[in-house]
Amino acid sequence: MSVYNPDKWVIVKIDADSECIYKVFACWYGGYAGSDSWKLNSGITRVSREGFVYSFEGASGSTYECHTDCYGTNFYGQGVLSNMIETAADNGINMEILPEDTDWEQIDYGES
């Protein structure tokens, strides 16, 4: 089980074949000697909040600890995500970034 702490994050909703799944799209800045990176989790199964941090548990057992002030993407991540959304649409799948003010704890993620 891995724990990730992204620099930036958004939640994407994917609607395909009458199934709806929510995923964390996480981004990290590479810094001086590295390159930016991103990760899409396996699908949110549960969420909790402690202070300014949401903990999104994924179907694979990993957890993404996401600070409330860091909603959004970096430049690299936005390009990757835009391409994913476009490719999904080309295949009849609706994929959208949910608004920052969404109440993450009130969504039915389908698994508990």
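The rules behind these values
Residues numbered from 1 in each chain as written. Predicted model: local features only at pLDDT ≥ 70, side-chain atom pairs only at ≥ 80, totals over all residues. Heavy atoms only, no water. Pairing = 2+ DSSP bridges. Helix = DSSP H or I, 4+ residues; strand = E, 2+ residues; numbered from the N terminus. Phe/Tyr/Trp six-rings, centres within 6.5 Å; stacked < 30°, edge-to-face > 60°. Buried < 20%, exposed > 50% of the residue type's maximum accessible area, 1.4 Å probe, protein only.

A. Representation of the pairing of strand β6 (residues 53-58). Pairing of strand β5 (residues 44-50) with β6, which is carried by six bridges, proceeds in the antiparallel orientation. Residue E50 lies in a different strand from β6, and its bridge partner there is V53. The antiparallel hairpin formed by β5 and β6 contains two residues in its connecting segment, where G51 sits at a positive phi of about 65°. Sheet topology note: the β6/strand β7 (residues 63-67) ladder contains five bridges and is antiparallel. In the sheet register, E57 faces β7, and the bridge partner there is T63.

B. Up close: the sheet that holds β5. Here we have four strands laid out as an open sheet, ordered β1-β7-β6-β5, and mixed in their pairing. Unpaired on one side and paired on the other, β1 (3-4) and β5 mark the two borders of the sheet.

C. Examining the packing of aromatic side chains more closely. Scanning the model with the defined rule gives eleven aromatic pairs in all. Measuring from centroid to centroid gives 6.3 Å for W9 and Y54, while their planes differ by 65°, and the two rings are edge-to-face. Taken together, the residues W9 in strand β2 (residues 8-16) and Y54 in strand β6 connect sequence positions 45 residues apart. Both residues of the pair, W9 and Y54, belong to the buried class. Judged by centre distance (4.7 Å) and plane angle (90°), the rings of W9 and Y71 are edge-to-face. You can see W9 sitting in strand β2 and its partner Y71 sitting in the loop between β7 and α1 (75-90), a full 62 residues away along the chain. The same class applies to W9 as to Y71, namely buried. Grouping aromatic residues by their ring pairs yields a cluster made of W9, Y54, F56, Y71 and W104.

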